[in-house]
Amino acid sequence: MLREIGVIMDPIGSIKIEKDSTFAMMLAASRREWRIQYMELSDLFMHCDRAWARMREVKVRDDPKRWFRFCDEQTRPLDTLPAILMRKDPPFDMEYIYATYLLEQAQHRGSRIVNDPRSLRDANEKVFTVQFPQCAPPTLITRRHADIAEFLTRYQDVILKPLGGMGGFRVFRIAIGDPNFNVIVETLTDHGNRYCMAQKFIPEIAQGDKRILLIGGDPVPYALARKPKPGETRGNLAAGGIGAGQPLSERDRWIAAQVGPELRRRGILFAGLDVIGDYLTEINITSPTCIRELDTQFELDIAGDLMDAVEEGVGAG
């Protein structure tokens, strides 16, 4: 039986607990009376061929004034933890990749890492969608200004975004004739030195950018439709979007069925699909959110279901 779990995350003192999915996971672990070992990226290190970390045991409670307190602190090998949740938010940069190398060493020694470190590296949340062309809108990944100009000419109205961001950061909508086209492309690509993604604009964003959560490749039966605020294109909650829960549509379930088997194959236990209208636009695997909103609206226990799945997989294989 699982008695201890590690959590790697952004500073816990800065989170908004009413919206934070990592905090929901910690509450679920606490209800099971598991010891929770808290870590930040800077706490991880490698000595010879073994990954170690400074860990602080943390106690959590659902109290907006005092939601955590640290207890015992120790430095020990990561692989002494039976399970570790990797919940560091993007940006997905080289420091993040280096951390996955350390986590992979702990995985080789028996720890269960959620999500699988290799998949965190390989399954970029934007690029991963191209493996499911039957689900995704027309998509372009390029560094070349001319490619983006041609894509815009073909589709007239497009979304441009970086490959490593989150929360709607640097997401632009451009239509034919936009006077800012050149400067937006120059900024996103760093004058042709960085890749970006272009996707055909989907008008159904007005009805919401649906977040569909999957555990072990199976979808939670409700999605959170994040609707843009007036005058905005982005539905991201971080960009001011308003979340409204709704049952999955037949198309939503079909998309989840297309993606789920590949998530299982890659060891991605927890993922969040972004679906606008009939189209899959992103597959979030680093730190998917929206647990707390869906739990509140539909009396679910998504984090509890996830912890059950984590426990079932500890020691397996």
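Scroll up a little and you will see the structure.
Here the residue numbering is sequential within each chain, running from 1 through the sequence in written order. Given that the model is predicted, a residue must reach a pLDDT of at least 70 before its local features are reported, and side-chain atom pairs must reach 80 or more before they are shown or counted; all residues, however, enter totals for whole chains, interfaces and linings. To get the side-chain values, take all heavy atoms of the structure and skip hydrogens and water.

K.L.:
Could you clarify how one ought to interpret the overall build of the protein chain in this entry?
P.N.:
Only DSSP runs of H or I covering at least 4 residues are called helices, and only runs of E covering at least 2 are called strands; the numbering of each starts at the N terminus. A tally of regular secondary structure across the protein chain gives eight helices and 17 strands. In this description the radius of gyration comes from C-alpha coordinates, and the expected globular size is given by 2.2 Å times residues to the power 0.38. Relative to a compact globule of 317 residues, whose C-alpha radius of gyration would be 20 Å, the protein chain shows 20 Å and is just as compact. We call two residues contacting when some pair of their heavy atoms lies within 4.5 Å. Once local pairs closer than 6 in sequence are excluded, the contacts in the protein chain between residues at least 24 apart make up 67%. Total accessible area computed for the protein chain in this model is approximately 14500 Å², and 48% of it derives from carbon and sulfur atoms. Note that accessible areas follow from Shrake-Rupley with a 1.4 Å probe, and for residues the cover is restricted to the protein chains shown.

K.L.:
Please explain helix 8 (residues 302–313) as it appears in this structure.
P.N.:
Count 3.6 residues to each turn of an α-helix, and residues three or four apart come out pointing the same way. One less than the number of residues in a helix, times 1.5 Å, gives the span that helix is expected to have. Over its twelve residues, helix 8 runs 17 Å from end to end, which matches the ideal 16 Å to within 8%, given 1.5 Å per residue. With a 1.4 Å probe rolled over the protein chains alone, any residue whose accessible area is under 20% of its type maximum counts as buried; one over 50% counts as exposed, and the rest are partly exposed. Considered for burial, the residues of helix 8 that qualify are Ile302, Ala303, Gly304, Leu306, Met307, Ala309, Val310 and Gly313. Once helix 8 finishes, Gly315 follows within two positions and takes phi at roughly 85 degrees, a positive value.

K.L.:
It is not clear to me how the side chain of Thr22 should be interpreted in this structure. Could you clarify?
P.N.:
Locating Thr22 in the fold gives a position in helix 1 (residues 21–31). Among all residues touching Thr22, those that are not within four sequence positions of it are Val7, Met9 and Arg87.

K.L.:
Even after reading the chapter, I still don't get the packing of helix 1 against helix 8, so can you show me in this structure?
P.N.:
Geometrically, a packed helix pair is captured by the angle between its two axes and the distance between the axes. Angles shown run from 0 to 180 degrees and are taken between the N-to-C directions of axes, each axis being a line fitted to C-alpha atoms and, for helices, limited to the stretch in contact. Remark: helix 1 packs on helix 8, axes separated minimally by 8 Å, with the N-to-C direction vectors making an angle of 65 degrees. As helix 1 runs across helix 8, the sense of the crossing is right-handed. Contacts from Ala24, Met25, Ala28 and Ala29 of helix 1 reach helix 8 at Ala303, Gly304, Leu306 and Met307. The residue classification treats Ala, Val, Leu, Ile, Met, Phe, Trp, Tyr, Cys and Pro as nonpolar and Asp, Glu, Lys and Arg as charged. All others, Gly included, are polar. Residue classes in the contact of helix 1 with helix 8 are distributed as seven nonpolar, one polar and no charged. Handedness of a crossing is defined here by the sense of rotation of the near helix relative to the far one, left-handed for an anticlockwise turn of less than a right angle and right-handed for a clockwise turn.

K.L.:
Would you mind showing me how to read the pattern of salt bridges here?
P.N.:
Should the charged atoms of two oppositely charged side chains come close, the side chains can pair. Counted as salt bridges are all cases of a side-chain nitrogen of Lys or Arg within 4 Å of a carboxyl oxygen of Asp or Glu. Applying the stated rule across the entire model yields 26 salt bridges. Residue Glu282 is joined to Lys126 by a salt bridge in which the shortest nitrogen-to-oxygen separation is 3.8 Å. One end of the pair, Glu282, is in strand 17 (residues 279–284); the other, Lys126, is in the loop between helix 3 (117–122) and strand 8 (139–142), with 156 residues separating them in the sequence. Take Glu282 and Lys126: they sit in the same class, and that class is buried.

K.L.:
It is not clear to me how a nonpolar patch on the surface should be interpreted in this structure. Could you clarify?
P.N.:
Residues Met94, Tyr98 and Tyr101 make up a contiguous nonpolar surface patch of about 300 Å² in total accessible area. Structurally, the position occupied by Met94 is in helix 2 (residues 94–108). Of the residues examined, Met94 reaches a relative accessible area of 44% and is grouped as partly exposed. Distance thresholds for patches are 9 Å for like charges and 5 Å for nonpolar side chains (Val, Leu, Ile, Met, Phe, Trp, Tyr), applied to residues having over 30% relative accessible area and no salt bridge.

K.L.:
What am I meant to see in the environment of Ile8 here?
P.N.:
With respect to the helices and strands, the residue Ile8 is situated in strand 1 (residues 4–8). For the pair Ile8 and Asp122, spaced 114 residues apart in the sequence, the C-alpha separation amounts to 19 Å. Contacts of Ile8, omitting those with residues within four sequence positions, involve Met39, Glu40, Leu41, Leu44, Ile84, Leu85, Met86, Arg87, Lys88 and Leu103.

K.L.:
Where do I start with the sheet that holds strand 10 (residues 172–175) in this structure?
P.N.:
The strands making up a sheet associate through backbone hydrogen bonding, with each pair oriented either parallel or antiparallel. One open sheet holds the four strands; their spatial order is 8-11-9-10, and the pairing between them is antiparallel. Sheet topology places strand 8 and strand 10 at the edges, where each strand pairs with a single neighbour. Taken pair by pair, the neighbouring strands of this sheet meet at an average axis angle of 25 degrees, ignoring direction. Pairing between two strands is assigned when DSSP locates at least 2 bridges connecting them. Pairing between strand 9 (residues 157–162) and strand 11 (residues 196–200): five bridges, direction antiparallel. Opposite Pro162, over in strand 11, you have Cys196 as the bridge partner. Across the face of the sheet, helix 5 (residues 181–189) comes into contact with strand 9, strand 10 and strand 11 while running at roughly 30 degrees to strand 9.

K.L.:
Is there a simple way to explain unusual backbone geometry in this structure?
P.N.:
In terms of backbone geometry, most residues other than glycine have negative phi values and most peptide bonds are trans. Residue Pro90 is joined to Pro91 through a cis peptide bond whose omega torsion reads 25 degrees. Structurally, Pro91 is set in the loop between strand 6 (83–86) and helix 2. Here Val114 and Asn115 are connected by a cis peptide whose omega angle stands at 0 degrees. One can find Asn115 in the loop between strand 7 (112–114) and helix 3.

K.L.:
Explain the nonpolar core here, please?
P.N.:
Soluble globular proteins: nonpolar side chains tend toward being buried together. Membership of the largest hydrophobic core comes to 38 residues, with the highest contact counts inside it found for Ile5, Ile12, Met307 and Val310. Residue assignment for this core shows that the elements contributing at least two residues are strand 1, helix 1, strand 2 (35–39), strand 4 (50–60), strand 6, strand 12 (209–215), helix 7 (291–298) and helix 8. For this core, the element with the highest residue contribution is helix 1, accounting for seven residues. If sequence neighbours within four positions are ignored, Ile5 has contacts with Ala29, Trp34, Arg35, Ile36, Gln37, Ala83, Leu85, Met307 and Val310. Ranked by size, the runner-up nonpolar core spans 36 residues in total, among them Ile8, Leu102, Val275 and Ile283. Residues grouped as a nonpolar core are buried Ala, Val, Leu, Ile, Met, Phe, Trp, Tyr and Cys residues, joined through side-chain atoms within 4.5 Å.

K.L.:
Would you explain the pairing of strand 4 in this entry?
P.N.:
Two faces make up the sheet, and in a regular strand the side chains alternate between them. Both strand 2 and strand 4 contribute to a ladder of two bridges, which runs antiparallel. What sits directly across from Tyr38, in strand 4, is Arg56. In the sheet, strand 3 (residues 44–47) pairs with strand 4 via four bridges, with the strands oriented antiparallel. Directly across from Met46, in strand 4, lies its bridge partner Ala51. Between strand 3 and the antiparallel strand that follows it, strand 4, lie two residues; Cys48 among them carries a positive phi value of about 60 degrees. Bridge count between strand 4 and strand 5 (residues 68–77): eight bridges; the pairing is antiparallel. Bridging across to strand 5, Val60 finds its partner in Phe68.

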